[in-house]
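Letter by letter, the chains look like this.
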Amino acid sequence: MPSQNAIQSHQPTIHAPTQPSVWRSILLAIAITLALNAVIPYIQHTLHTVSIVEGMIPMGVLMPFFVLVFIVNPILRLAAPQHHLRTWELVIIASILYVSSHTDEFLSRAISVFAVSNYMATPENLWQEYALPHIAPHLLVSNPNGQLDYFYEGLPSHTKIPWHIWVGPLFSWLSFFVAIGTGCITLAILMRKQWVDQERIPFPFAKVIESLAEDNESGIFPSYTKNRLFWIGALIPIFVVFWFMIGYFRPDFPVITLGITGHKIGLGRFVPAFNVNFYFPVVGFAYFTDLQVLFSIWFFYVLTWLQIWSTVRFGIAEGLGTYAGTRQQAIGGFVVFCLWALWIARAHIKTIFQHLFAKSNISDQHEPLSYKTAGYTFIACCLYMIFWLTQAGLFWPLSILVVVFWFLFYLGFAKIVAMTGLVFMESPGLGQYILDYAPPGSLADGDLAMRHLVDSTYQNGKCFAISDAAHAARLLEPLGKHARQVGYALIITLALTLIVSATSTISLGHQGGASNFGSSGSFENGPGYFNRMVSSVRNMGHVSHYGLKITYVLWGALVMVILTIGQYRFTWWPFHPIGFTVVTFNSVQRSILSVFVAWTLKAIILKVGGITLYRKSQPFFMGLIVGYTFALIVAIGVDILYFPGNGHNLYRGD
């Protein structure tokens, strides 16, 4: 069997732009991104159709990108061949769109939190007694004369949206989000050379985007569309989705649910159920993932479930919930993984520091931002986040601690996504989680309140913008000096997207009432954050099973050390450390069957035909992704035409 390095070394070639300007592609990307994020709240909260914000590479990226590749570009080739989009232009558009694709998912959740307090606070829920006194008033939307009620209940006729009650909180929160997002973009740029050139991380998402953006000068469509395997792969999910949609109109029709709906199989009362979900995009992207990584994910899934069964059966993890301490051990392992990521990059980080604060010779001409610009901007973002958290009510040493772990965990998670290529993924740890392991009684009321308030920024554990920015930096590097112009566009677009998405969401709430959204659970879950604040403050100093939790964290750290040593010291070592950190979280659990299928197919293909057959088979798996994406575009169209407001979400993984 060929080595994985040999497999990963085969990458599509992207030539640097020959035109003097890349502004056409940048402006087109900004326009598409802003338009999409203006529409996404309506899709999510009103149409209730296919979710286009879920996943590490969401449909909000794939759908417009594929429309450009397979519809717009062929039309341009026929009507105006000199104006068609080149490969590098499509890559620029995908990169800018990618970084700002997840905005609505976390912003809707954040709005639901900082808007709900003065609307739903009652003597019964105790928010006014235990939560609101510990939160800075400028972070919450006020409710003068019941004007906030209009957002949740709808705006009365001949009444204007009371924007004045939103301006202050929006400015505070959006500035915080801009700092987070800009910090993520600059950190990803600073680490690109280490990950791409030194560690040679595969970046499966980037590989697929590059392959699909292929420029075919001799034809209307990309050359891979002439491959029979591509069409076989594309037609399978198209057939399945279209067949399933027949059931929309004929409830008694025997639909195919494979790849659309899933169910759970009980494994006994001592372990969580097994998720039987099959995702075509997960299989498609995972085919480009390291075989050892895929094996380790499903292997540690099985091993972890055996651990849960045994510890619960014998009462070892009593009181630690459904996952019996395995999530705590995953966080312990994740901390070691993140620290190890810094350690092996120490030479690169040292060089950057020398470049920032002393004279050094380092080439950054092909980076989206210069190292000085990226480094100083990242430091400024961190300082602003510390200031923001402190002003919001968190003790300043804890603010520093949270921000340090915030970006440490973000960095580690971005590396995991770049190595695994799993569409559905969830970070084992986030910056504010570090406060959960403080000694009982060591946190003040304000610290506990802020811990839960900033939870609204967690975006389902996806780590806002960091993995997207890492892939964008990887995609832009071949563009040479032109990448510098795109780097600034990434930050500007992200800031504009936040404004557009927030304005769209607030306007939509005033039109029909945010209480009627009920789509993704964001607004329904808003009150839960304040309920958890009340519970934490009322029970301050009383942390159940604290010693056992810390024991599991330390045990997870020790296991990760052993796995890391084995990975880097022994060529025969079969277990990649990544699998140990992610398998207990919902997103990966839902994908585990697809991971196993992808691993099995890839292992068989490499065993039978080696790297030659592996490369020949790639169009089939690219077809799975393309076919499924276009099928979902049609599904959205069907919902708009026949089921407005009562659509069908065929794509739910996290």
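The present account deals with the structure reproduced in this document. Keep in mind that what you see is a predicted model, and the values were worked out from it rather than measured.

The rules we used
Residues numbered from 1 in each chain as written. Predicted model: local features only at pLDDT ≥ 70, side-chain atom pairs only at ≥ 80, totals over all residues. Heavy atoms only, no water. Salt bridge = Lys/Arg side-chain N within 4 Å of Asp/Glu carboxyl O. Helix = DSSP H or I, 4+ residues; strand = E, 2+ residues; numbered from the N terminus. Buried < 20%, exposed > 50% of the residue type's maximum accessible area, 1.4 Å probe, protein only. Expected span 1.5 Å × (residues − 1). 1 Å grid on protein atoms, 1.4 Å probe; cavity = no way out; pocket = protein on both sides within 12 Å on 5 of 7 lines; lining within 4 Å. Points joined across faces, edges and corners; volume = space filled by probe spheres on them. Nonpolar A, V, L, I, M, F, W, Y, C, P; charged D, E, K, R; others polar. Polar contact = N/O pair within 3.5 Å; in protein donor to acceptor, adjacent residues only side chain to side chain. Core = buried A, V, L, I, M, F, W, Y, C linked by side-chain atoms within 4.5 Å. Contact = heavy atoms within 4.5 Å.

Points about the pattern of salt bridges
A complete count under the given rule lists nine salt bridges for this structure. Between Arg-24 and Glu-89 there is a salt bridge whose closest N-O contact spans 2.7 Å. Separated by 65 residues along the polypeptide, Arg-24 in helix H2 (residues 23–47) and Glu-89 in helix H4 (residues 87–99) bring together distant segments of the chain. Look at Glu-89 and you get buried, because its relative accessible area is 3%. Arg-451 is paired through a salt bridge with Asp-436; the nearest N and O atoms lie 2.7 Å apart. Of this pair, Arg-451 sits in helix H17 (residues 445–453) while Asp-436 sits in the loop between helix H16 (396–420) and H17, and the two are 15 residues apart along the sequence. Arg-451 sits in the buried class, given a relative accessible area of 9%. Via salt bridges that share partners, Arg-192, Asp-197 and Glu-367 belong to a single interconnected network.

Brief notes about helix H9 (residues 204–212)
The element H9 is largely enclosed, with a buried count of nine among its nine residues. Those residues of H9 that fall on the buried side of the exposure criterion are Pro-204, Phe-205, Ala-206, Lys-207, Val-208, Ile-209, Glu-210, Ser-211 and Leu-212.

Section: helix H19 (residues 483–512)
Compared with an ideal rise of 1.5 Å per residue, which puts 30 residues at 44 Å, H19 spans 43 Å between its outermost C-alpha atoms and is within 8% of the ideal. Once H19 ends, the next one or two residues include Gly-513, with phi positive near 90°.

Side note on the layout of surface pockets
What the largest pocket holds in volume is close to 1300 Å³. Lining the largest pocket are 40 residues, and of these Tyr-433, Asp-436, Arg-451, His-452 and Lys-549 sit closest to its centre. Looking at the lining of the largest pocket, the elements that each hand over two or more residues are helix H13 (326–344), H17, helix H20 (526–538) and helix H21 (546–569). For the lining of the largest pocket, the class distribution of residues is 16 nonpolar, 17 polar and seven charged.

Digging into the side chain of His-102
Mapped onto the elements, His-102 comes out in the loop between H4 and helix H5 (103–120). The exposure class of His-102 is buried, given its relative accessible area of 3%. Reaching out from His-102, the side chain makes a polar contact with the backbone oxygen of Gly-55 at a distance of 2.7 Å. Reaching out from His-102, the side chain makes a polar contact with the side chain of Asp-468 at a distance of 2.9 Å.

Focus on empty space enclosed by the protein
This structure, assessed with the given rule, holds two cavities of 30 Å³ or more. Of the pockets and cavities examined, the largest cavity occupies roughly 70 Å³. Taken together, 13 residues line the largest cavity, and the ones lying closest to its centre are Val-69, Asn-73, Arg-77, Glu-214 and Pro-222. Counting residues per element, the lining of the largest cavity draws most heavily on helix H3 (residues 59–79), at four residues. Grouping the amino acids of the lining of the largest cavity by side-chain chemistry returns eight nonpolar, two polar and three charged.

Structural notes on the nonpolar core
Where a protein is soluble and globular, its nonpolar side chains tend to be buried together. Of all hydrophobic cores here, the largest spans 221 residues; its most connected members are Trp-166, Phe-177 and Phe-530. In terms of residue count, the dominant contributor to this core is helix H23 (residues 586–642) (20 residues). With sequence-adjacent residues up to four places away left out, Phe-177 is seen in contact with Phe-106, Leu-107, Ala-110, Thr-457, Phe-464 and Leu-498.

As for unusual backbone geometry
Non-glycine residue Leu-126 carries a positive phi angle of around 65°. Tracing the chain through its elements places Leu-126 in the loop between H5 and helix H6 (127–130).

Honestly, that's just the spatial picture; any functional story needs more than this.
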